[in-house]
Number of protein chains: 6
Amino acid sequence: MFSIKVNEHIQIHLIEMNHIEAMYEAVHNSRAHLRRWLPWVDQVKSIYDYQPIIGSWLQQFAEGRGFQAGIRYDGEFVGMIGLHDIDWASRKTTMGYWLSQQAVGKGIMTKAVDACLHVLFEEYQLNRVQINCGVENFESQGIPKRLGFELEGVVKDGEWLYDHYHDLYQFSLLRSTWLERQQG
Amino acid sequence: MFSIKVNEHIQIHLIEMNHIEAMYEAVHNSRAHLRRWLPWVDQVKSIYDYQPIIGSWLQQFAEGRGFQAGIRYDGEFVGMIGLHDIDWASRKTTMGYWLSQQAVGKGIMTKAVDACLHVLFEEYQLNRVQINCGVENFESQGIPKRLGFELEGVVKDGEWLYDHYHDLYQFSLLRSTWLERQQG
Amino acid sequence: MFSIKVNEHIQIHLIEMNHIEAMYEAVHNSRAHLRRWLPWVDQVKSIYDYQPIIGSWLQQFAEGRGFQAGIRYDGEFVGMIGLHDIDWASRKTTMGYWLSQQAVGKGIMTKAVDACLHVLFEEYQLNRVQINCGVENFESQGIPKRLGFELEGVVKDGEWLYDHYHDLYQFSLLRSTWLERQQG
Amino acid sequence: MFSIKVNEHIQIHLIEMNHIEAMYEAVHNSRAHLRRWLPWVDQVKSIYDYQPIIGSWLQQFAEGRGFQAGIRYDGEFVGMIGLHDIDWASRKTTMGYWLSQQAVGKGIMTKAVDACLHVLFEEYQLNRVQINCGVENFESQGIPKRLGFELEGVVKDGEWLYDHYHDLYQFSLLRSTWLERQQG
Amino acid sequence: MFSIKVNEHIQIHLIEMNHIEAMYEAVHNSRAHLRRWLPWVDQVKSIYDYQPIIGSWLQQFAEGRGFQAGIRYDGEFVGMIGLHDIDWASRKTTMGYWLSQQAVGKGIMTKAVDACLHVLFEEYQLNRVQINCGVENFESQGIPKRLGFELEGVVKDGEWLYDHYHDLYQFSLLRSTWLERQQG
Amino acid sequence: MFSIKVNEHIQIHLIEMNHIEAMYEAVHNSRAHLRRWLPWVDQVKSIYDYQPIIGSWLQQFAEGRGFQAGIRYDGEFVGMIGLHDIDWASRKTTMGYWLSQQAVGKGIMTKAVDACLHVLFEEYQLNRVQINCGVENFESQGIPKRLGFELEGVVKDGEWLYDHYHDLYQFSLLRSTWLERQQG
């Protein structure tokens, strides 16, 4: 499994087709939890719905437009972290993530995002990483705040969530800020 | 020419391959002017550089991800207006535009953007349209301001411009606001 | 809607995916009428049958092989006009069209074809436009006749129509003839 | 070599990439002869120009849209015979062919076209085969005439030939006529 | 039908979509016989299962990666012979084949493989042809043995056969050996 | 960098486009060394030759047909290990590898192949892994021998090497043998 080791417990790995069952289970067992802030949960009705999706994620990776990765905690599939395409001309990207209900509260995602920032700023030499969170999704907001992201503004009606639009906070972190923080 | 009539002088039309010369001329004759805020000007060295670009624009249109349109003033190609892909799940898009130097100052772009808003909100039934402008690009900012867009925030280092990143103002207009304005 | 304005009532516009319902309704409400001369009517059983077809039409447009356009009369979808690919080497194409039952008899199609001839001869600089009509489809034949097309011959068994082949009249109009008529 | 045996001397075979040299030689040694009626001769400047063309021919065959075949006389590549796509809905196609200068006058092409008609009418179960010839290309016209094709009309300006358009005779043969002739 | 004539009775032809029924019948009528050594028999449940397969075979041929051919005995479809891609860098390929139950025992396949060797060594100028057979498939082994192939080794668990892996004999024939045999 | 950690010094990672320079350097600095047994060295004349190759490797990965990975020793790019497509029906693959001159002799490749075997047998649940080595490439042969592979036979003229064919030893390791070795 091609992966990034975060610490002794946490591993981030590229999603391949053979992870389909573990991924589906993680989603299926947290439907109510995930549905609060993620618009795609109801579309994943069975394992077969994930086949074309994983295919498109691998295609995204093959074309250098970013990765979609699984997060493992002690080997168990507990969430995902991924990029909404990379803009190489302006060297920027937007990151998204989710965690299954039982994995919340252990600091897993903050550490996973932090590890991905190393890949994005050091390896890919990006200049800017953006994270959008629902304005009332307090758990999700904690992650960019803890990692030194700056709140840039509010994206009005930024996302459709089953039966309503909701606003998103737009956070960003620049390479220069991140480098300072690394040295500080 | 499949077009949207803005008024007696202004016409917005889908760009097809046979417009390549008129479009190149418009860019070539305004290089210094356009280069101030557009990152792609130096890449367009000859008419041939536009062939794959127009091909990808037509492909974008064919896949329902938005249009790239030319703006004509009394028949002359004076600029462009286009969409950075449509997010149908959240029914939102981001709009961009440019005008050749000699066409500036006639209110052409405000009227063109306004006409496009009708297409986006009425025909495509989108919910949100975003426009990003350089924080020091005062001419460009005037357009969303005049059309009722709201300033949402500042996108730090939002775009690479030849030798530096610059910040962008992020404006948005919601369908509900636009409808009120139409009736007001 | 990117369109060609024919007159105060008639508009010809590129077909995009959001026109699928209006187009299906126009066909569905004229099935018996259209079935007499069009071989594809029975294949369009629901709105979903049109999704891949519209996709292929937009792809045809994106590749510069011609357009498929809707005809609106006072805003209502009443028919279509389109090209069977463009032969750029010999600068020629073949045009087809249909009109819903209730729109027949108002001269709509003659005016729509005439407007398209301007696009084909002036904008695309084609040299030859062909129209094929069933030898007993008298309404359809009237259009090329009124617009100065010349009868070139009979295409024996030119088209399969559900349970039999039927012959087609082959009409053509050259750019030179069309230019003379414009000036006459 | 997958081929159709016409008689002891003549063989028609699908063109594969390894025939590129023999095919180029046949064209190159008859340039002046072929140029009189074929529009593409000047575009074939070297063997490399044929690589993408053969690729597209094989793709046409793979998609069931017809074949492009070489004609061998005592093993030597002397010409080609091929289809301009098959219209399966109306079970019809148009056939084209050319012969190198030194192979003319031996009745090769009439026999080759006749052999192909067996494939088209019997194996593919087509209903109609069309052949177009320049109105002054008397040699070419002799072939459909000898094989029972009927003249349907004149395609005005049917083809661009380097510096002018020329008219084409349109011939056709229906399956019913062909079957009668076979039994007669 | 583009074919290679083996003798008065046997013909090898490229498989096109219109052969789908004859091919399916040949497989369907020999299921028990073919199932013993071929892993794909149970996947072919109806004629429709062959549509994408034939499409991929034609695509293989179009890309110059080898052919999949039907074998006819007195016109009847009795089996297949094909290549598992051609390695043009090392000019080698692997050949496979099957014969319906009622056609076994007439020496058909030995003659068909021999005819294909002429195509591969003379026309395609390959240097090496490989054939793999189940170590207990004595009928199949007879063919490479009779044609001068050399046994190179045993491929352990070389193929999955419904519920178990089985070992394969790996035979090869080099062009130099084949040329000697031709002259001998 | 998505990677498999072999030990404190050795890391195996999926090759992405941003590794192109490090990979080219590793090849370029070992040309004479690599040329002895690898047929592709002369084709890699500049960094640009690797762009389409890396693209096709990423595509192979995206389609689940195997990976092409870089080997790092203390962070430096010293070689590659990859799969020649995966046969999922028979759950088998063939593995290849190379090491730059200065990295030879440290046991790097044996450990890297061993680590990959864990991925192939445990994660991908393959049943058989094959390795081919030139019969006189003693260094390369040492690796499968040390890891418990069995010699199955000699592939005559198995590979073209610039100006001659050479024979290959064919080694294989079955999952059952590997599992025993793990427990032993």
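Residues numbered from 1 in each chain as written. Chains lettered and ligands numbered in written order. Predicted model: local features only at pLDDT ≥ 70, side-chain atom pairs only at ≥ 80, totals over all residues. Heavy atoms only, no water.

Quick look at the overall build of chain A
Right, so step 1: Helices and strands together make up the secondary structure of chain A, namely six helices and eight strands.
Right, so step 2: Of the regular secondary structure in chain A, the N- to C-terminal order runs β-β-α-α-α-β-β-β-α-β-α-β-β-α.
Right, so step 3: The C-alpha radius of gyration of chain A comes to 16 Å, within 12% of the 16 Å expected for a compact globule of 184 residues.
Right, so step 4: Referenced to the eigenvectors of the C-alpha coordinate spread, the extents of chain A come out at roughly 45 × 40 × 35 Å.
Right, so step 5: Each of the 184 residues in chain A was classed as buried or not, and the buried ones make up 52%.
Right, so step 6: In the form shown here, chain A has an accessible surface area of approximately 8,100 Å², with 50% of it arising from carbon and sulfur atoms.
Right, so step 7: When the 17 basic and 23 acidic side-chain charges of chain A are each reduced to a single mean position, those positions are 3 Å apart. (Helix = DSSP H or I, 4+ residues; strand = E, 2+ residues; numbered from the N terminus. Rg over C-alpha atoms; globule rule 2.2 N^0.38 Å. Buried < 20%, exposed > 50% of the residue type's maximum accessible area, 1.4 Å probe, protein only. Areas by Shrake-Rupley, 256 points an atom, 1.4 Å probe, with all protein chains shown as cover. Lys, Arg positive; Asp, Glu negative; His and termini not counted. Charge placed at Lys NZ, Arg CZ, Asp CG, Glu CD.)

Notes on the pairing of strand 5 (residues 92-99) of chain B
Residues and elements named next belong to chain B.
Right, so step 1: Burial of strand 5 is extensive: seven of the eight residues sit out of reach of the surface.
Right, so step 2: Judged from the seven bridges that link them, strand 4 (residues 76-87) and strand 5 form a sheet pairing that is antiparallel. Each residue of the ladder has a partner; that of I86, found in strand 5, is T93.
Right, so step 3: Counting the residues in the hairpin turn of strand 4 and strand 5 gives four residues, including R91, whose phi is positive at 45°. (Pairing = 2+ DSSP bridges.)

Details of the relation of the copies chain A and chain F
The operation relating the pair of chain copies consists of a rotation about an axis and a translation along that axis.
Right, so step 1: The two copies are related by a screw motion: chain A maps onto chain F through a turn of 180° and a shift of 0.0 Å along the axis, at an RMSD of 0.0 Å. Within this description, the copies of the chain are treated as partners about a two-fold rotation axis.
Right, so step 2: When you check the interface residues of chain A against chain F, 100% turn up at the interface there too, and the contact is symmetric in its surfaces. (Least-squares fit on C-alpha atoms with pLDDT ≥ 70 in both. Contact = heavy atoms within 4.5 Å.)

Remarks on the pairing of strand 2 (residues 10-14) of chain F
Residues and elements named next belong to chain F.
Right, so step 1: Most of strand 2 sits out of view: four of its five residues are buried.
Right, so step 2: Direction of pairing for strand 1 (residues 3-5) relative to strand 2: antiparallel, over a ladder of three bridges. Bridge pairing in strand 2 links K5 to Q11.
Right, so step 3: The hairpin formed by strand 1 and strand 2 contains four residues between the paired strands.
Right, so step 4: The sheet contact formed by strand 2 and strand 3 (residues 68-73) spans five bridges and is antiparallel. Bridge assignment links I10 to a residue of strand 3, and that residue is Y73.

A few points about the pattern of salt bridges
Right, so step 1: Overall, the coordinates contain 42 salt bridges over all chains when judged by the stated rule.
Right, so step 2: The residue E:R35 makes a salt bridge to E:D42 at a minimum N-O spacing of 2.9 Å.
Right, so step 3: The closest approach of N and O atoms between F:K156 and E:E150, which form a salt bridge, is 2.7 Å. A residue pair is termed interchain when its members come from two chains, as with F:K156 in strand 7 (residues 150-160) and E:E150 in strand 7 (residues 150-160).
Right, so step 4: The structure contains a network of salt bridges with shared partners spanning A:E63, A:R65 and A:D85. (Salt bridge = Lys/Arg side-chain N within 4 Å of Asp/Glu carboxyl O.)

Digging into the environment of E:M17
Residue and element names in this part refer to chain E.
Right, so step 1: By the element assignment, M17 lies in the loop between strand 2 (10-14) and helix 1 (20-28).
Right, so step 2: You can call M17 partly exposed: its relative accessible area is 36%.
Right, so step 3: Taking the C-alpha atoms as reference points, M17 and Q51, separated by 34 residues in sequence, lie 7.3 Å from one another.
Right, so step 4: The contact partners of M17, leaving out residues within four places of it in the chain, are Q51, I54 and G55.

Considering the arrangement of the chains
Right, so step 1: With no contact formed, the shortest span from any C-alpha in chain A to any C-alpha in chain C equals 18 Å.
Right, so step 2: At no point do chain C and chain E touch; the closest pair of C-alpha atoms across them sits 19 Å apart.

Observations concerning the packing of helix 1 (residues 20-28) of chain A against helix 3 (residues 50-62) of chain A
All names here are of chain A.
Right, so step 1: The interhelical angle for the contact between helix 1 and helix 3, taken along N-to-C directions, is 115°, at an axis separation of 11 Å. Taken together, the axes of helix 1 and helix 3 are roughly perpendicular relative to one another. When the axes of helix 1 and helix 3 are compared, the crossing they make is right-handed. Mapping the contact onto sequence places I20, M23, Y24 and V27 in helix 1 and Y50, Q51, I54 and W57 in helix 3.
Right, so step 2: Grouping the constituent residues of the contact of helix 1 with helix 3 by class yields seven nonpolar, one polar and no charged. (Axes fitted to C-alpha atoms, helices over the stretch in contact; angles between N-to-C directions. Parallel < 35°, antiparallel > 145°, perpendicular 65-115°, else oblique. Left-handed = near helix turned anticlockwise from the far one by under 90°. Nonpolar A, V, L, I, M, F, W, Y, C, P; charged D, E, K, R; others polar.)

Here we look at the environment of A:P39
Residue and element names in this part refer to chain A.
Right, so step 1: On the secondary structure map, P39 appears in the loop between helix 2 (31-35) and helix 3.
Right, so step 2: C-alpha separation for the pair P39 and S140, spaced 101 residues apart in sequence, amounts to 15 Å.
Right, so step 3: What P39 contacts, discounting residues up to four positions off in sequence, is E159, W160, L161 and Y162.

A few points about the side chain of C:N127
Right, so step 1: Relative to the helices and strands, C:N127 resides in the loop between helix 4 (108-123) and strand 6 (128-134).
Right, so step 2: Residue classification places C:N127 among the buried residues on the basis of a relative accessible area of 10%.
Right, so step 3: Of note is the side chain of C:N127, whose polar atom sits 3.0 Å from the side chain of D:D157.
Right, so step 4: Leaving out residues up to four positions away in the same chain, C:N127 has contacts with C:S90, C:R91, C:F121, C:L173, C:L174, C:R175, D:D157 and D:Y165. (Polar contact = N/O pair within 3.5 Å; in protein donor to acceptor, adjacent residues only side chain to side chain.)

A look at the interface of chain D and chain E
Right, so step 1: Contacts between chain D and chain E engage 19 residues on the former and 19 residues on the latter.
Right, so step 2: Between chain D and chain E, a total of about 1,800 Å² is buried, with carbon and sulfur atoms accounting for 57% of that surface.
Right, so step 3: Linking chain D with chain E are eight residue pairs in polar contact (both at pLDDT 80 or more), by the criterion used here.
Right, so step 4: Going through the elements one at a time, strand 1 (3-5), strand 2 (10-14), helix 3 (50-62) and helix 4 (108-123) of chain D are the ones with two or more residues in the side of chain D that touches chain E.
Right, so step 5: Ranked by residues supplied to the side of chain D that touches chain E, first place goes to helix 3 of chain D with four residues.
Right, so step 6: Across the side of chain D that touches chain E, the residue classes break down as 12 nonpolar, five polar and two charged. (Buried area = accessible area lost by both parts, 1.4 Å probe.)

Considerations on the UniProt feature "domain: N-acetyltransferase" (unreviewed entry) in chain A
Right, so step 1: The UniProt entry lists residues 24-169 of chain A under the feature "domain: N-acetyltransferase" (unreviewed entry), expressed in the numbering used here.
Right, so step 2: As annotated, residues 24-169 of chain A has a helix share of 33% and a strand share of 34%, and its two end C-alpha atoms lie 28 Å apart. (UniProt positions renumbered as here; feature names shortened; annotations may be inferred.)

Notes on helix 4 of chain D
Right, so step 1: Spanning 16 residues, helix 4 of chain D covers 22 Å between terminal C-alpha atoms, matching the ideal 22 Å at 1.5 Å per step.
Right, so step 2: All buried positions along helix 4 of chain D are accounted for by D:I108, D:M109, D:T110, D:A112, D:V113, D:A115, D:C116, D:L117, D:V119, D:L120 and D:F121. (Expected span 1.5 Å × (residues − 1).)

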